[in-house]
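For reference, the chains in residue letters:
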Amino acid sequence: MSNQTPLLNLTPKQAVPIAAVVVFVLALTMIKWGFVPLLSLLIVILGLLMFGLTKGISFEAMQDRMIGGVATGMGAIYLFSAIGLLVSALMMSGSIPTLIYYGFDVLSPNMFYLSAFILASVIGVALGSGFTTCATVGVAFLGMTEAFNANPAMVAGAVVSGALFGDKMSPLSDTTSIAASIVGIDLFEHIKNMMHTTIPAWLISAVVFFMLSDGGRANLADVAVLQDNLLASGLVHGHALLPLVVLVALAIMRVNAIYAISATIIVSLAITYTHSSPTLADLGGWFFTGYQPAKDLELGQVGRLVSRGGLQSMFFSQILVILALSLGGLLHALGVLPALLSAISHLLTRASRAVLAASLTAFGVNFLVGEQYLSLLLSGNTFAPEFKRLGLHPKNLARTIEDSGTVINPLVPWGVYGVFLTGIFGMPVLDYVPYAVFCYSCLLLTLFFGFTGITMTRLESTKQI
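The shown structure was predicted, so the numbers you read here are calculated from the model rather than taken from an experiment.

> Where do I start with the overall build of the protein chain in this structure?
Check the secondary structure of the protein chain and you find 24 helices and zero strands. Looking at the protein chain as a whole, 56% of its 465 residues qualify as buried. Across the protein chain, the fraction of contacts at a sequence separation of at least 24, relative to all contacts at a separation of at least 6, is 78%. Surface accessibility of the protein chain: about 18,400 Å² in total, with carbon and sulfur atoms responsible for 67%.

This is how it looks when you write it as structure tokens:
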């Protein structure tokens, strides 16, 4: 997409108003009117198509460029399908429920905030969804705050920090997959590279929550209920962790994500038949709509937690990627992105400036539009050619936009994440923002590494600069 000559040659002065209108329409429709991002993107795309027609550009030419934009992210479409199947397989085999069950054992009444952070981290990685982690474990922890004599805002900050750690580092996460695919790198290579900023941010957060914990005593009855319900599901078995071991091992061996996921699904199916006997019709239903426990089981909150996965659960993300990449291709074809880049390209002479510009863009899109997916897609599409021009490996860009995009959305009161958490936690976003240590630690660390050159890899070799 970025290698093709634009269909229009715009000047920066002409491109800026168009970009401003695009951002305004996205912000108005999503923040003010509450439209889902898919509809907002479609409205903008139709508007740009009309603009192109007024400039004498044929629909066929613009459509070809949009298709070219989508082609750059087809890997994400296939990967999302595989991830949907994988989540179902890990649920039916008991891998994720077992990991969550044993994860509750790390809960310490003497270190409540630290325990909330660690457990949310473990479950966040297992589920690959910060939303689900906050809506289940987060609610459970907030329900225990009175018994622990804990500060609800601190608890929420600890849960959000742990959940976003999982959202970044899990191969099941859609944001992680989007960031990797948008710049054209392997999913596991992206996760490995993110460790440079994510692990220090996690350790910093752990120290903060350790210091905040006051050593109080409390009743862990709520946790016991969750564990009992997990056991009642019939999915908790020690050997059910084998598929996760296989997935991690293949990731370490740098096996392609699709192959690693396929192998993990096969192992998961074998484990499933050690504790249940689903029919082929059951498997087909679970792989499409997501795993569902037996209807006669009264699992309460746990029932919602384990009812996940399936191809259907990926449709939203897949369509979002298609529309966002189409928008990126169209903005390039109409000369908007090239004109904007030309206005700042003379400033992007060093890795530090490129990282700062990409980071501020991802950060700004979150606050202007309130959507983390768009922060990844727009900043990734915009700066991919600039990172390449500077000889920087694209994995640097993927990490930068995750550290400045994915983890920032929960801190935006009008953002999708922020609105969701306000309803789930029953408190304003600004209450827990000071304690969401992991989120802003990632941003500060990625800027630090960008300016110092530490962990930044060049295209021609793996030599650090």
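> Before we go on, may I ask you to explain a nonpolar patch on the surface in this structure?
Nonpolar side chains collect at one region of the surface, where V36, L39, I43 and F316 lie side by side and expose about 310 Å² of accessible area between them. Mapped onto the elements, V36 comes out in the loop between helix 1 (12-32) and helix 2 (37-54).

> Would you take a moment to explain the UniProt feature "transmembrane region" (unreviewed entry) in the protein chain for this structure?
The UniProt record marks residues 38-57, 77-104, 116-142, 199-218, 230-250, 257-276, 315-341 and 432-454 with the feature "transmembrane region" (unreviewed entry), using the residue numbering of this structure. Strand forms 0% of residues 432-454 and helix 74%; the C-alpha atoms that close the span are 31 Å apart.

> Before we go on, may I ask you to explain unusual backbone geometry in this structure?
Residues apart from glycine generally show negative phi values, whereas peptide bonds are mostly found in trans. Of note, the phi angle at T455 is positive, near 70°, even though the residue is not glycine. Among the structural elements, T455 can be located in the segment after helix 24 (437-452). By relative accessible area, which is 7% here, T455 ends up buried.

> I'm lost on the nonpolar core in this one. Help?
Most often, soluble globular proteins have nonpolar side chains that are buried together. Among the nonpolar cores identified, the biggest contains 143 residues, and L48, V160 and F425 are the most heavily contacted of them. Mapping this core onto the domain boundaries places at least three of its residues in each of domain 1 (12-73 + 314-452) and domain 2 (74-309). Residues in contact with F425, not counting those within four places in the same chain, are C134, G138, L142, A156, V159, V160 and Y432.

> Sorry if this is basic, but what is going on with the packing of helix 11 (residues 187-212) against helix 24 here?
How two helices sit against one another is set out by the angle between their axes and by the gap between those axes. Viewed as axis vectors pointing N to C, helix 11 and helix 24 meet at an angle of 140°, and their least axial separation amounts to 8 Å. Considering their axes alone, helix 11 and helix 24 lie oblique with respect to each other. In terms of crossing hand, the pair formed by helix 11 and helix 24 is right-handed. Within the contact between the two elements, helix 11 uses H196, T197, T198, P200, A201, W202, I204, S205, V208 and F209 and helix 24 uses V437, F438, S441, C442, L445, T446 and F449. When grouped by side-chain class, the residues that make up the contact of helix 11 with helix 24 number eleven nonpolar, six polar and no charged.

> Whenever I open this one, the environment of L348 confuses me. Can you help?
Tracing the sequence through the fold places L348 in the loop between helix 18 (336-344) and helix 19 (351-369). Sequence separation between L348 and L390 is 42 residues, and the spatial gap between their C-alpha atoms is 8.3 Å. Contacts of L348, omitting those with residues within four sequence positions, involve R353, A354, A357, F383, E386, R389 and L390.

> Explain the pattern of salt bridges to me, please; I cannot follow it from the model alone.
Two side chains with opposite charge may pair up if their charged atoms get near one another. Across all of its chains, the model carries two salt bridges by this definition. K168 is the salt-bridge partner of D403, the closest N and O atoms lying 2.3 Å from each other. In this pair, D403 is assigned in helix 21 (residues 394-406) and K168 in helix 9 (residues 152-169), connecting sequence segments 235 residues apart. Exposure class is identical for D403 and K168. Each is buried. Here E386 ties to R389 by a salt bridge, and the two come within 2.7 Å at their closest N and O atoms. Remark: R389 and E386 occur in helix 20 (residues 372-389); sequence separation between them is three residues, near one turn of the helix.

> Would you mind going over the state of the cysteines with me for this structure?
Between two cysteines, a covalent bond joining their sulfur atoms is known as a disulfide. By the definition in use, this model includes zero disulfides. Residue C134 stays outside any disulfide, its sulfur separated by 9.2 Å from that of C439, the closest cysteine. Residue C134 is classed as buried on the basis of its relative accessible area of 0%. Residue C442 stays outside any disulfide, its sulfur separated by 7.2 Å from that of C439, the closest cysteine. For C442, a relative accessible area of 0% gives the class buried.

Reading guide: rules and limits
Residues numbered from 1 in each chain as written. Predicted model: local features only at pLDDT ≥ 70, side-chain atom pairs only at ≥ 80, totals over all residues. Heavy atoms only, no water. Helix = DSSP H or I, 4+ residues; strand = E, 2+ residues; numbered from the N terminus. Buried < 20%, exposed > 50% of the residue type's maximum accessible area, 1.4 Å probe, protein only. Contact = heavy atoms within 4.5 Å. Areas by Shrake-Rupley, 256 points an atom, 1.4 Å probe, with all protein chains shown as cover. Patch = residues over 30% accessible without salt bridge, like charges linked within 9 Å, V, L, I, M, F, W, Y side chains within 5 Å. Salt bridge = Lys/Arg side-chain N within 4 Å of Asp/Glu carboxyl O. UniProt positions renumbered as here; feature names shortened; annotations may be inferred. Core = buried A, V, L, I, M, F, W, Y, C linked by side-chain atoms within 4.5 Å. Domains from an automatic or database assignment. Axes fitted to C-alpha atoms, helices over the stretch in contact; angles between N-to-C directions. Parallel < 35°, antiparallel > 145°, perpendicular 65-115°, else oblique. Left-handed = near helix turned anticlockwise from the far one by under 90°. Nonpolar A, V, L, I, M, F, W, Y, C, P; charged D, E, K, R; others polar. Disulfide = S-S within 2.5 Å.

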